[in-house]
Amino acid sequence: MVTKLRSSPRWREDNIGVSMIRIQKEDVDVAMLVSGAKQRGSGAVVVFDGIVRDDGIEEMELEAYEEVALPELEKIAKAATEQHHLLHVDIVHRVGRLSVGDNILLIVVSAGHREEAYAGSRYIIEEIKKGVPIWKKELTRDGGRWVPGEHPHGSGP
Amino acid sequence: MSVKVRFFARFRELLGTDLITEYRQGTVLLALVHDIAGKNPDGYNAMFDEKGNFRDFVIVMQNGRRIDTMNAGNIAISDGDEIAVFPPVAGG
């Protein structure tokens, strides 16, 4: 008699619907987020990892109005979930001083299909760029400059 | 009566942040921020135009809700309010 072995499912039964929406100084374990994003019904996980680009800078300093930024991120995650039928969303935005190559922002989404996962991830990053109160300052040898934000009348100073 | 005024990013560097400010009854939001920013000409010029209005890119929140800066001269403040003033956001 042959016993059929069934491998254990790769989705997590213990965290369905639980998302990580955070603003923090610490880095994040991307592999752990990907693993946690796999839900029953997931067919695709999309990871967006925004990192500090080497634009001739030494470091980058990030600042947030956390009391407003965190609820905004939660609102964006909820809207993305509803509009793009996502099964899981994590958004982790870092603040503090970061070096070239460091992670700034992790967005991890899962959905039944790639179209929804890509669209949901794209929606989240664009909404963050539009309105979440977080700022970046590029620190160079000569001092630093604030990265100009976008607004309807053109870039700020 | 007092309010907390918070500046962020470049405005914070020029003016400080988490400023607990006493105000007189009837003071409107625009006048309150004028008074505080007036202590540093660079800070003042960064957020106000030559007519004393908020520059069009400046974002102002009262208790976490964005207000129309064109109307800041008519907005009353209340004891314990938190006013936040900041330049366009650049997260992500």
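Every value quoted in this text rests on a predicted model; they were computed, and no experiment measured them. (Residues numbered from 1 in each chain as written. Chains lettered and ligands numbered in written order. Predicted model: local features only at pLDDT ≥ 70, side-chain atom pairs only at ≥ 80, totals over all residues.)

### Regarding the interface of chain B and chain A
Spelled out, the test is: For every residue pair, C-beta atoms are placed from the backbone, and the pair is scored as a contact if these atoms sit within 7 Å. The helix count covers DSSP runs of H or I at least four residues long, the strand count covers runs of E at least two residues long, and both are numbered beginning at the N terminus. Amino acids outside the nonpolar list (Ala, Val, Leu, Ile, Met, Phe, Trp, Tyr, Cys, Pro) and the charged list (Asp, Glu, Lys, Arg) are all regarded as polar, and Gly is one of them.
The interface is formed by 15 residues belonging to chain B together with 24 residues belonging to chain A. Those elements that provide at least two residues to the side of chain B that touches chain A are helix H1 (9-15) and strand S5 (82-86) of chain B. Counted by class, the side of chain B that touches chain A contains ten nonpolar, three polar and two charged residues.

### So, the sheet that holds strand S2 (residues 19-22) of chain B
All names here are of chain B. Worth spelling out the cut-off: The criterion for strand pairing is that DSSP finds at least two bridges linking the strands in question.
Here we have five strands laid out as an open sheet, ordered S2-S1-S5-S3-S4, and mixed in their pairing. Each edge of the sheet is formed by a strand with only one pairing partner; in this case those strands are S2 and strand S4 (65-66). Of the strand pairs in this sheet, strand S1 (residues 2-7) and S5 are connected by four bridges, and their pairing is parallel. Bridged to Phe7 within S5 is Val85.

### Observations regarding the confidence of the model for chain B
So the rule is basically this: For every residue, the predictor assigns a confidence score, pLDDT, that lies between 0 and 100.
The share of residues in chain B with pLDDT of 70 or more is 100%, and the mean pLDDT across the chain is 96. Among the scores for the predicted complex, ipTM is 0.94 and pTM is 0.90.

### Some points on the pairing of S1(B)
Working note: regular strand, side chains alternate between the two faces of the sheet. All names here are of chain B. What counts here: Three exposure classes are used. Buried residues have 20 or more other C-beta atoms within 10 Å of their own C-beta, exposed residues have 12 or fewer, and partly exposed residues fall in between, all C-beta atoms being placed from the backbone.
Here S1 shows one buried face, formed by Val3, Val5 and Phe7, and one open face, formed by Ser2, Lys4 and Arg6. Strand direction decides the pairing type here: S1 and S2, joined by four bridges, are antiparallel. Paired with Ser2 across the bridge in S2 is Glu22.

### What about the pairing of strand S6 (residues 103-111) of chain A?
Residues and elements named next belong to chain A. Burial runs high along S6: eight of the nine residues are buried. In this sheet, S6 lies alongside strand S2 (residues 44-51) in antiparallel orientation, the contact comprising eight bridges. Each residue of the ladder has a partner; that of Asp49, found in S6, is Leu106. Alignment of strand S4 (residues 86-94) against S6, held across seven bridges, turns out to be antiparallel. Looking across to S6, one finds that His88 is bridged to Ser110.

### Section: unusual backbone geometry
Residue and element names in this part refer to chain B. Of note in this structure, Ala9 is not a glycine but carries a positive phi near 55°. Following the sequence through the fold, Ala9 ends up in helix H1. Not every positive phi belongs to a glycine, and Asp18 is a case in point at roughly 55°. In this fold, Asp18 is placed in the loop between H1 and S2.

### Some details on helix H2 (residues 66-84) of chain A
Residue and element names in this part refer to chain A. In plain terms, the rule: Here the expected span of a helix is defined as 1.5 Å times the quantity of residues minus one. By definition, the arc is the one covered by directions from the helix axis to the C-beta atoms.
The end-to-end C-alpha distance of H2, which contains 19 residues, comes to 26 Å, matching closely the 27 Å that a straight helix rising 1.5 Å per residue would cover. Looking only at H2, the buried set comprises Val68, Ala69, Glu72, Leu73, Ile76, Ala77, Ala80 and His84. Burial along H2 is one-sided: seen end-on, the buried residues are contained in an arc of 170°. One or two residues past the end of H2 sits His85, with phi positive at roughly 55°.

### Here we look at the sheet that holds strand S1 (residues 21-24) of chain A
Residues and elements named next belong to chain A. Where we set the bar: Comment: axis = line fitted to C-alpha atoms, over the contacting stretch for helices; angle = value between 0 and 180 degrees taken between N-to-C directions.
The four strands lie next to each other as S1-S4-S6-S2, forming an open sheet whose pairing is mixed. Sheet topology places S1 and S2 at the edges, where each strand pairs with a single neighbour. The average angle at which neighbouring strand axes cross in this sheet is 10°, direction not considered. The strands touched by helix H1 (residues 30-37) are S2, S4 and S6; relative to S6, the strand with the most contacts, the crossing angle is about 20°. In the packing of helix H3 (residues 114-131) onto the sheet, contacts are made with S2, S4 and S6, and the angle to S6 comes to roughly 145°.

### Quick look at the nonpolar core
The nonpolar side chains of a soluble globular protein tend to be buried, and buried together. Spelled out, the test is: Think of a nonpolar core as buried Ala, Val, Leu, Ile, Met, Phe, Trp, Tyr and Cys residues, each tied to the set through C-beta atoms within 7 Å.
Core analysis: the largest hydrophobic core is formed by 59 residues, its most contacted members being A:Val109, B:Phe8, B:Phe11, B:Ile83, B:Val85 and B:Phe86. Here the element with the most residues in this core is S6(A); it accounts for seven residues. With residues near it in sequence (within four places) discarded, B:Phe11 still touches B:Gly43, B:Ala46, B:Met47, B:Val85, B:Phe86 and B:Pro87.

### Structural notes on the environment of A:Val28
All names here are of chain A. Relative to the helices and strands, Val28 is located in the loop between S1 and H1. Taking the C-alpha atoms as reference points, Val28 and His93, separated by 65 residues in sequence, lie 9.6 Å from one another. Among residues more than four places away in sequence, those in contact with Val28 are Leu33, Val92, Asn103 and Leu106.

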